[in-house]
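Structural overview
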Amino acid sequence: MVNSVEFAAYLHKRATDEGYQPNVTQIQKWLYICYGHHLVINKKPLFDEKPRAWPYGPVFLNVYNAQKSDAGLPNANDSMFLELEEIVSATLENHGKWSATKLVDWTHEKNGAWDKQWHKEKLAFMTDGDIRADFERLFDYEQN
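From a predicted model like this one, the values you see are computed outputs, not experimental measurements. (Residues numbered from 1 in each chain as written. Predicted model: local features only at pLDDT ≥ 70, side-chain atom pairs only at ≥ 80, totals over all residues. Heavy atoms only, no water.)

The tendency in soluble globular proteins is for nonpolar side chains to be buried as a group. Core analysis: the biggest nonpolar cluster contains 38 residues, and Phe7, Trp30, Leu31, Leu46, Phe47 and Ile131 have the highest contact counts within it. Those elements giving two or more residues to this core turn out to be helix 1 (4–17), helix 2 (24–42), helix 3 (61–68), helix 4 (85–95), helix 6 (113–120) and helix 7 (128–143). Take this core: its biggest share by element is 9 residues, from helix 2. If we ignore the near neighbours within four places in the chain, the residues touching phenylalanine 7 are Val2, Leu31, Cys34, Leu46, Phe47, Phe81, Leu84 and Val88. (Core = buried A, V, L, I, M, F, W, Y, C linked by side-chain atoms within 4.5 Å. Buried < 20%, exposed > 50% of the residue type's maximum accessible area, 1.4 Å probe, protein only. Helix = DSSP H or I, 4+ residues; strand = E, 2+ residues; numbered from the N terminus. Contact = heavy atoms within 4.5 Å.)

Should the charged atoms of two oppositely charged side chains come close, the side chains can pair. Taken as a whole and judged by the stated rule, the model has 8 salt bridges. With a closest N to O distance of 3.4 Å, lysine 13 and aspartate 78 form a salt bridge. Residue lysine 13 is found in helix 1, and its partner aspartate 78 is found in the loop between helix 3 and helix 4; the two are separated by 65 residues along the sequence. Looking at lysine 13, the relative accessible area reads 31%, which means it is partly exposed. The partner of aspartate 130 in a salt bridge is lysine 116, and the shortest N-O contact between them spans 3.9 Å. Here aspartate 130 is found in helix 7, whereas its partner lysine 116 is found in helix 6, with 14 residues between them in sequence. By relative accessible area, which is 38% here, lysine 116 ends up partly exposed. Several salt bridges converge on common partners, so that one network encompasses Lys13, Asp17 and Asp78. (Salt bridge = Lys/Arg side-chain N within 4 Å of Asp/Glu carboxyl O.)

Running from amino to carboxyl end, helix 2 crosses helix 4 at an angle of 130°, the nearest separation of the two axes being 10 Å. Here helix 4 runs oblique to helix 2, going by the angle between their axes. Remark: the crossing between helix 2 and helix 4 carries right-handed chirality. Counted together, Trp30, Ile33, Cys34, His37, His38 and Ile41 of helix 2 and Ile87, Val88, Thr91, Leu92 and His95 of helix 4 form the full contact between these two elements. Here the contact of helix 2 with helix 4 is built from residues that sort into 7 nonpolar, 4 polar and no charged. (Axes fitted to C-alpha atoms, helices over the stretch in contact; angles between N-to-C directions. Parallel < 35°, antiparallel > 145°, perpendicular 65-115°, else oblique. Left-handed = near helix turned anticlockwise from the far one by under 90°. Nonpolar A, V, L, I, M, F, W, Y, C, P; charged D, E, K, R; others polar.)

Distances and angles like these do not, on their own, reveal function.
Now the structure itself:
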């Protein structure tokens, strides 16, 4: 597992290098997409923290706190995440141009992982099983 804050810094740098101007929400949702893809591909969590069900979708609290701090996200270390390049590239290619609003709407799909947790216990950790099921369904859809 990798540190979510360090990975967020890397993702932000990659997005900026590709011409995007990501906001807090976009980074959070792109992290969630990377997390979900990693769960499906590798059958284990990507980060050292799980996303929580917040009002605007999944949030990685450590990353959010770093984003909102005076210091912001740390400097990115590209070499730490080379093995995750395929997931990052696919995330930015498929969702990089999505607005924060569209990303929030996408994570709020009825009966999805966020929806299930939000209606059970708001602000609580989302389950890897529910997240994996969402992304497995997404992969099945993309393969058809």
